[in-house]
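Residue-level structural notes
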Amino acid sequence: MRYPAPPLPYDPNSDHLREECGVFAVHGAVDSALMIALGLHALQHRGQESCGIVTHDGSRVYAERHMGLVGEHFADGDTHKRLPGRIGIGHVRYSTSGATVARNIQPLYADVRGGGIAVAHNGHLTNARTLRDELVATGAIFQSTSDTEVVLQIAARSSRTSPTKRFLSALKQIEGAFALVALVNGNLVVARDPFGIRPLVLGELAGATIVASETCALDVIGADYVRDVEPGEAIIVSDDGMKSERFAPAKPARTCAFEYIYFARPDSVIAGISVYEARKRMGAQLYKDAPAGIDVVIPVPDSGVPAALGYAQAAGVPYEMGIIRGHYVGRTFIQPTQAKRDLGVRRKHSANPPVVNGKRVLLVDDSIVRGTTSRKIVEMMREAGATEVHFRSACPPIKFPDFYGIDMPSRTELMAASQECEEMARALKADSLGFLSLDGLYQAVLGETRNNAAPQLADHYFTGEYTTRLLDHERAASDKDRQLSLLVDA
């Protein structure tokens, strides 16, 4: 299905897709909070704005939530003392729904009939505002502007007999993309959206059940991978064992293509596919789709590294680190003027002139969004002495926005939505520009071409074909722009 492209919250100075969120959960481990902190640290790339952990010791629930990075708040030796218990969930957040304020930090918690529920999720609920309006009309009081709170509100109002059943009934009403972990009256409940757009994996460590957004978080604590949580599956973990329930009919999985292109850590495995190897294959396929006469291949660090390596190996030309990334600048360098934003690009990326000077250079990045940073990097290469600068994107042109948890500009701000390849090349000041083809992406990730009748990946950013209905965005524009909350956090 195709829909228009309304804007999402977006940093206007950013020229990269912003990460989503990451979740981690433990059931049955001594000092679960320490394990969760380690797992969240491994998932820090998925969200750097806030972090939180909630644990349960068999009688009480303990919560700690902060703005900032995991290492700033949960790296001390007292974390397990402040957050006791053998069961817990954790979250790292980048806000795609709700402002970046303390009341939106997850996990969210609510006392409900028969017990308490804490919940954290990665993704975006495409009918959250519709459900929220219905709940408010019947007297519900919301404490945040996060779409996640809708799940708590529905569960609290359910007529089912137990907190777990009420929570499962809420899952049947939400739509969109979600990988969700929850503490429900002392049990761990995890669930994945019916299409499996967002990843979620099960692991095991010394008898404890581990759940994480990516396998890299299992690796960091020494847990064994067991399996992926199935699309439309809810798993309830209690002291009596593990129980699987299906809250939605089985559908063919459509994992977000950008997990392979950009979001997941290279050492993760998504749906049985090595992210690192998939990115290398993207680079090799990119050479087939868009070759060039060059002397050296240079990655735009860090996300362009595996694809650039694959391109160089396929092309039979040297691979060099012609750009050095400054790792201590921060992930976003927001300044009020264009001149200062340009300086921010140079603080993040510096040319390595001996590698570039006198060479025909080919730059490989994971994607092109607005094009502003790409243009500055092209200029940087010319200033360092490159005789030619060619630019390649290791994914197809991004023409449509995302509604499932990735923060990107409106369609009017996406460079490829309004410009053809040659026009984009001129805007970037590159000698040539090339993209990975859509079928090339499918070949690199899945080893097969796209099934146009039933696509195997969520690829709407390239095609405009959205996996689910987008209920909230079908409403009138004036309603979409309605402010959710009048409260401003100081």
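Let me begin by describing the structure that accompanies this report. No experiment lies behind these values; they were computed from the predicted model shown.

**Some thoughts on the overall build of the protein chain**
When helices and strands are counted, the protein chain shows 18 helices and 23 strands. The buried share of the protein chain, reckoned over its 490 residues, is 59%. Carbon and sulfur atoms provide 52% of the accessible area of the protein chain, an area that totals close to 18800 Å².

**Brief notes about the sheet that holds strand β4 (residues 87-93)**
Strand order in the open sheet formed by seven strands is β3-β2-β4-β1-β10-β9-β11, with antiparallel pairing between adjacent strands. Two strands lie at the open edges of the sheet, namely β3 (61-67) and β11 (224-228), each paired on one side alone. Adjacent strand axes in the sheet meet at a mean angle of 15°, parallel and antiparallel pairs treated alike. Of the strand pairs in this sheet, strand β2 (residues 50-56) and β3 are connected by seven bridges, and their pairing is antiparallel. In the strand pairing of β3, H56 is matched with V61.

**Thoughts on the sheet that holds strand β20 (residues 360-365)**
An order of β17-β20-β21-β22 is seen for the four strands of this open sheet, with the pairing classed as parallel. Two strands close off the open sheet at either side, each with one partner strand: β17 (296-299) and β22 (432-435). Sheet twist, expressed as the mean angle between neighbouring strand axes with direction ignored, is 25°. Judged from the four bridges that link them, strand β21 (residues 388-393) and β22 form a sheet pairing that is parallel. Its bridge partner lying in β22, R392 is registered against G434.

**Looking at the packing of aromatic side chains**
One pass over the structure, following the stated rule, counts nine aromatic pairs. Relative to F462, the ring of F258 has its centre 5.8 Å away and its plane inclined at 35°; by these criteria the two rings are tilted. Here F258 is found in helix α8 (residues 257-263), whereas its partner F462 is found in helix α17 (residues 460-463), with 204 residues between them in sequence. Aromatic pair F403 and Y466: ring centres 5.2 Å apart, planes at 65°, arrangement edge-to-face. With F403 in the loop between β21 and α14 (415-418) and Y466 in the loop between α17 and α18 (477-480), this residue pair connects regions lying 63 residues apart in the sequence.

**Quick look at the packing of helix α9 (residues 275-289) against helix α10 (residues 305-315)**
Two numbers describe how α9 lies on α10: the axes approach to 6 Å, and their chain directions differ by 45°. With respect to α10, the axis of α9 lies oblique. Crossing angle aside, the handedness with which α9 passes α10 is right-handed. In contact with Y276, R279, K280, G283, A284, L286 and Y287 of α9, α10 contributes P306, A307, L309, G310, Y311, Q313, A314 and A315. Across the contact of α9 with α10, the residue classes tally to ten nonpolar, three polar and two charged.

Cut-offs applied
Residues numbered from 1 in each chain as written. Predicted model: local features only at pLDDT ≥ 70, side-chain atom pairs only at ≥ 80, totals over all residues. Heavy atoms only, no water. Helix = DSSP H or I, 4+ residues; strand = E, 2+ residues; numbered from the N terminus. Buried < 20%, exposed > 50% of the residue type's maximum accessible area, 1.4 Å probe, protein only. Areas by Shrake-Rupley, 256 points an atom, 1.4 Å probe, with all protein chains shown as cover. Pairing = 2+ DSSP bridges. Axes fitted to C-alpha atoms, helices over the stretch in contact; angles between N-to-C directions. Phe/Tyr/Trp six-rings, centres within 6.5 Å; stacked < 30°, edge-to-face > 60°. Parallel < 35°, antiparallel > 145°, perpendicular 65-115°, else oblique. Left-handed = near helix turned anticlockwise from the far one by under 90°. Contact = heavy atoms within 4.5 Å. Nonpolar A, V, L, I, M, F, W, Y, C, P; charged D, E, K, R; others polar.

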